[in-house]
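Observations on chain architecture
Now for the letters of each chain:
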Amino acid sequence: EQKNDSSGTCFLTTACVEFAGLPDNCRELTTLRLFRDSYVAHLPEGASLIAEYYSTAPRIVQAIQNHADRETILSNMLTEIRAVATDIETGFSTSAVARYRTMFERLKLLSK
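Presented here is a report on the structure given in the accompanying data block. (Residues numbered from 1 in each chain as written. Predicted model: local features only at pLDDT ≥ 70, side-chain atom pairs only at ≥ 80, totals over all residues. Heavy atoms only, no water.)

1. Description of the packing of aromatic side chains
Put simply, the rule is: For Phe, Tyr and Trp, where Trp contributes only its six-membered ring, two rings pair if their centres lie within 6.5 Å, and the inter-plane angle classes them as stacked under 30 degrees, edge-to-face over 60, or tilted in between. The helix and strand labels rest on DSSP assignments: H or I over at least four residues marks a helix, E over at least two residues marks a strand, and numbering proceeds from the N terminus. A 1.4 Å probe rolled over the protein chains alone gives each residue an accessible area, and that area as a share of the maximum for its type sets the label: buried under 20%, exposed over 50%, partly exposed in between.
Applying the stated criterion to the full structure yields six aromatic pairs. Summarising the aromatic geometry, the rings of F11 and Y54 are spaced 5.8 Å apart at their centres and angled 75° between planes, so their arrangement reads as edge-to-face. Of the two residues, F11 is situated in helix α1 (residues 11-20) and Y54 in helix α3 (residues 46-66); the sequence distance between them amounts to 43 residues. You can call F11 buried: its relative accessible area is 15%. Judged by relative accessible area, Y54 falls into the partly exposed class, the value being 27%. Residues Y53 and F104 carry aromatic rings whose centres are separated by 5.7 Å and whose planes lie at 40° to one another, so their mutual orientation is tilted. In this pair, Y53 sits in helix α3 while F104 sits in helix α5 (residues 93-108), placing the two residues 51 residues apart along the sequence.

2. Points about the pattern of salt bridges
To keep things clear, this is the line we draw: Salt bridges, as used here, are contacts in which a Lys or Arg side-chain nitrogen is within 4 Å of a carboxyl oxygen on Asp or Glu.
Enumeration according to the criterion identifies 10 salt bridges in this entry. In this structure, E80 and R99 form a salt bridge, with 3.5 Å as the shortest nitrogen-oxygen distance. Of this pair, E80 sits in helix α4 (residues 70-89) while R99 sits in helix α5, and the two are 19 residues apart along the sequence. For R99, a relative accessible area of 29% translates into the label partly exposed. Among the salt bridges present, the one from R101 reaches E105, with a minimum N-O distance of 3.0 Å. Separated by four residues within a single helix, R101 and E105 lie in helix α5, roughly one turn from each other. Look at R101 and you get partly exposed, because its relative accessible area is 25%.

Shown next as structure tokens:
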């Protein structure tokens, strides 16, 4: 089950933080949601990035949940998401987008 807030669901991050036992208002989710809404949404390609994420992420989460290496995948994702959050917090927005996109592209392969 995915948690929702007023600004939408972060499927991948939610899966990771739930795996780690973190609350829905944890640093990672709060930081990434705000970044999505205040930065990514305003990029020239932002709307298409967000649309692709929402159309693909639920399948990725399902594939992860069914994967034999689920715990390893989620642990590695959480490490990467924390690095993205740190990039955001320290003003490295371009790096944060690139890092998240790389992770997303890699995870898309699990859902094929």
